[in-house]
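Structural characterization, general
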Amino acid sequence: MRDPVVRLPNGYVLHFHDVIDSTNEEAKRLGDKGAPSGALIWARHQLAGRGRRGREWRSPVGNLFLSLLLRPDCPLQNQPA
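Definitions and cut-offs
Residues numbered from 1 in each chain as written. Predicted model: local features only at pLDDT ≥ 70, side-chain atom pairs only at ≥ 80, totals over all residues. Heavy atoms only, no water. Salt bridge = Lys/Arg side-chain N within 4 Å of Asp/Glu carboxyl O. Helix = DSSP H or I, 4+ residues; strand = E, 2+ residues; numbered from the N terminus. Buried < 20%, exposed > 50% of the residue type's maximum accessible area, 1.4 Å probe, protein only. Pairing = 2+ DSSP bridges. Right-handed = clockwise from strand over helix to strand, strands pointing away.

Describing the pattern of salt bridges
Under the counting rule described, the total for this entry stands at four salt bridges. When the shortest N-O distance is used, the salt bridge between Asp 18 and Arg 44 registers 3.1 Å. Here the residue Asp 18 occupies a position in strand 1 (residues 13-20), and Arg 44 occupies one in strand 2 (residues 39-46), the gap between them amounting to 26 residues. With a closest N to O distance of 3.6 Å, Glu 25 and Lys 28 form a salt bridge. Taken together, the positions of Glu 25 and Lys 28, both in helix 1 (residues 23-32) and three residues apart, correspond to about one turn of that helix. The class for Glu 25 is partly exposed, based on a relative accessible area of 25%. The exposure class of Lys 28 is partly exposed, given its relative accessible area of 46%.

Dropping the structure here:
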């Protein structure tokens, strides 16, 4: 299968993976490396996806798996949980 062609608004960068451990984990790795807000991590398949509060996330092939790295301009204590 060919890599997808996706047009995103300015400020967004797509990081596509055919298979990845977790889009959330990749977002954390990119964030730790200083990636800017707007990094969109998309995978066709996840091997170790997780949901909110660390819950297991089933990732059957054919569904949409993505995470978006955001860097809000407000103090951490003011951000939603």
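Details of the pairing of strand 2
Of all eight residues in strand 2, six are buried; the element is thus mostly enclosed. As paired elements, strand 1 and strand 2 share seven bridges and run parallel to each other. Its bridge partner lying in strand 2, Ile 20 is registered against Gln 46. With helix 1 bridging strand 1 and its parallel neighbour strand 2, the resulting β-α-β unit is right-handed. Taken together, the five bridges between strand 2 and strand 3 (residues 65-69) define a ladder with antiparallel strand orientation. Opposite Ala 43, over in strand 3, you have Phe 65 as the bridge partner.

By themselves these figures say nothing about function.
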